[in-house]
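Structural overview
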Amino acid sequence: MFDRFRYKFAEFMRGRYGVDQFGRFLSALTVILILINLFVPSRLLWWIIVLLIIYLYFRMFSRNIAKRYAENQRYLVYSSRVRGFFRDFKGSITHLKENREKNKGYHVYKCPRCGQKIRIPRGKGHIMVRCPKCGFEFHKKS
Ligand SMILES: [Zn+2]
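Please read these numbers as outputs of a predicted model, since none were measured by experiment.

**Describing the coordination of the zinc ion**
- Each protein donor to the zinc ion is listed here as Cys111 (SG), Cys114 (SG), Cys131 (SG) and Cys134 (SG); together their distances run 2.3 Å.
- The site at the zinc ion holds 4 donor atoms, and with the angles between them running 107 to 113°, its shape is tetrahedral.
- For the zinc ion, the donor residues sit on a single chain with the sequence spacing C-x2-C-x16-C-x2-C. With Cys111 in the loop between strand S1 (106-110) and strand S2 (117-121) and Cys131 in the loop between strand S3 (126-130) and strand S4 (137-141), this residue pair connects regions lying 20 residues apart in the sequence. The pair Cys111 / Cys131 is uniform in exposure class, with both members buried.

Now the structure itself:
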């Protein structure tokens, strides 16, 4: 009985698009929205969910495989860009942390004239700082 249903379903799906990465992303998004809707019920959100489900099934049963494939490619390009953004973001955080580690035990001042950053060891009391770039001298407490 179940095998027959499966066979029928396979027969039905022949020549149809099925599920791809974009489809999986859309179904995950739908599940998240349904969960949000449980806690914050909203009619608008409900309609978005309904449309998403319709769109999901439309893509799954679509016979226009070339078009669905192109959609998935667009999704893959876009999602890799988003992933790249988060990777870069994580990278710059690491970079900031490394810099902070490097500047431990130092004060970093900016030259008041040219804006050059100057590293001064901490705990030296009042000192004169000479900018290595423009030669401007200024007084600082380290
Ligand atoms: Zn300077």
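After that view of the structure, there is still more to cover.
**Quick look at the packing of aromatic side chains**
- Scanning the model with the defined rule gives 7 aromatic pairs in all.
- Look at Phe12 and Phe61: their rings are 5.2 Å apart centre to centre, the planes differ by 70°, and that puts the pair in the edge-to-face class. Of this pair, Phe12 sits in helix H1 (residues 2-13) while Phe61 sits in the loop between helix H3 (43-60) and helix H4 (65-102); the two residues are 49 residues apart in sequence, bridging distant segments of the chain.
- Take Phe61: its relative accessible area is 25%, and that puts it in the partly exposed class.

**Regarding the packing of helix H2 (residues 21-39) against H4**
- Two elements in contact, H2 and H4, have axes whose closest approach is 8 Å; the angle formed by their N-to-C orientations is 70°. With respect to their mutual orientation, H2 and H4 come out roughly perpendicular. Where H2 approaches H4, its residues Gln21, Phe22 and Phe25 are matched on the opposing element by Glu71, Asn72, Tyr75 and Leu76.
- Partitioned by chemical class, the residues of the contact of H2 with H4 number 4 nonpolar, 2 polar and 1 charged.

**Things to note about the environment of Gly15**
- Structurally, the position occupied by Gly15 is in the loop between H1 and H2.
- In this structure, the C-alpha to C-alpha distance between Gly15 and Asn64, residues 49 residues apart in sequence, is 8.9 Å.

**Description of the pattern of salt bridges**
- This structure, assessed with the given rule, holds 6 salt bridges.
- Linking Arg59 and Asp20 is a salt bridge whose minimum nitrogen-to-oxygen distance equals 3.0 Å. In this pair, Arg59 sits in helix H3 while Asp20 sits in the loop between H1 and H2, placing the two residues 39 residues apart along the sequence. One exposure class covers both Arg59 and Asp20, and it is buried.
- Via salt bridges that share partners, Asp20, Arg59, Arg68 and Glu71 belong to a single interconnected network.

**Overview of the domain arrangement of the protein chain**
- Entries for the protein chain in the domain assignment read domain 1 (2-102) and domain 2 (106-141).
- Of note, the centres of domain 1 and domain 2, computed from C-alpha atoms alone, are 53 Å apart.

**A closer look at the nonpolar core**
- Counting 8 residues, the largest nonpolar core consists of Phe22, Leu26, Leu33, Leu45, Ile49, Leu52, Leu56 and Tyr75.
- Broken down by secondary-structure element, the contributors of at least two residues to this core are H2 and H3.
- A total of 4 residues in this core trace back to one element, the largest contributor, which is H3.
- Once residues within four sequence positions are removed from consideration, Phe22 is found in contact with Tyr55, Arg59, Glu71, Asn72 and Tyr75.
- Core analysis: the second largest hydrophobic core is formed by 7 residues, Ile120, Val129, Cys131 and Phe138 among them.

**Section: the pairing of S3**
- Two strands pair when backbone bridges link them, and S3 and S4 are joined in this way by 5 bridges, in the antiparallel orientation. The partner of Met128 across the bridge, within S4, is His139.

Rules behind the numbers
- Residues numbered from 1 in each chain as written.
- Predicted model: local features only at pLDDT ≥ 70, side-chain atom pairs only at ≥ 80, totals over all residues.
- Heavy atoms only, no water.
- Donors = N, O, S within 2.8 Å, 3.2 Å for Na, K, Ca; no water.
- Tetrahedral: all angles 85-135°; square planar, octahedral: opposite > 155°, others 65-115°.
- Helix = DSSP H or I, 4+ residues; strand = E, 2+ residues; numbered from the N terminus.
- Buried < 20%, exposed > 50% of the residue type's maximum accessible area, 1.4 Å probe, protein only.
- Phe/Tyr/Trp six-rings, centres within 6.5 Å; stacked < 30°, edge-to-face > 60°.
- Axes fitted to C-alpha atoms, helices over the stretch in contact; angles between N-to-C directions.
- Parallel < 35°, antiparallel > 145°, perpendicular 65-115°, else oblique.
- Contact = heavy atoms within 4.5 Å.
- Nonpolar A, V, L, I, M, F, W, Y, C, P; charged D, E, K, R; others polar.
- Salt bridge = Lys/Arg side-chain N within 4 Å of Asp/Glu carboxyl O.
- Domains from an automatic or database assignment.
- Core = buried A, V, L, I, M, F, W, Y, C linked by side-chain atoms within 4.5 Å.
- Pairing = 2+ DSSP bridges.

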